[in-house]
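# Structural overview for review
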Amino acid sequence: IQVYYTAVHTVGEEESTLPDHLGDVVLTGAAGYAALEYAAYAMNRVTVGDGRTPEQFLAFGRDRLMQFRQDLTALKRERLRAVRTGELWTEDTR
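Residues numbered from 1 in each chain as written. Predicted model: local features only at pLDDT ≥ 70, side-chain atom pairs only at ≥ 80, totals over all residues. Heavy atoms only, no water.

A tally of regular secondary structure across the protein gives two helices and zero strands. For the protein, with 94 residues in total, the buried portion stands at 16%. Within the protein, contacts between residues separated by at least 24 positions form 53% of all contacts whose residues are at least 6 apart in sequence. Surface summary for the protein: the accessible area is close to 8,400 Å², and the carbon and sulfur share equals 54%. (Helix = DSSP H or I, 4+ residues; strand = E, 2+ residues; numbered from the N terminus. Buried < 20%, exposed > 50% of the residue type's maximum accessible area, 1.4 Å probe, protein only. Contact = heavy atoms within 4.5 Å. Areas by Shrake-Rupley, 256 points an atom, 1.4 Å probe, with all protein chains shown as cover.)

So, in structure tokens, the structure goes:
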């Protein structure tokens, strides 16, 4: 049996419902997706700015998303290990 649970989280400047240890993971994924979106937008456009090209944003976005996927895989492995050992919650995470 596989059980999936999803929840809507609130993320703001002063408060967040995300656990602290997941904040960096979410930001890494958001940065990757934002860079890919900007690379697609900037392709075939004349831009004036800091000299970064759409290809550089594309490379940055791909790098961030690769790291994001690695982080998600590590979290999945950690959770599966916790399920196998029966350590789903500790006193700190209840």
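Now that the structure is up, let's keep going.
One can describe the packing of helix 1 (residues 23-42) onto helix 2 (residues 54-85) by two numbers: an axis separation of 7 Å at closest approach and a directional angle of 155°. By the angle between their axes, helix 1 is roughly antiparallel relative to helix 2. Where helix 1 crosses over helix 2, the handedness of that crossing is left-handed. Taken together, the residues of the contact of helix 1 with helix 2 break down into 16 nonpolar, five polar and four charged. (Axes fitted to C-alpha atoms, helices over the stretch in contact; angles between N-to-C directions. Parallel < 35°, antiparallel > 145°, perpendicular 65-115°, else oblique. Left-handed = near helix turned anticlockwise from the far one by under 90°. Nonpolar A, V, L, I, M, F, W, Y, C, P; charged D, E, K, R; others polar.)

Now for the environment of aspartate 63. With respect to the secondary-structure elements, aspartate 63 resides in helix 2. Each C-alpha atom, one on aspartate 63 and one on alanine 31, is 10.0 Å from the other, the two residues being 32 residues apart in sequence.

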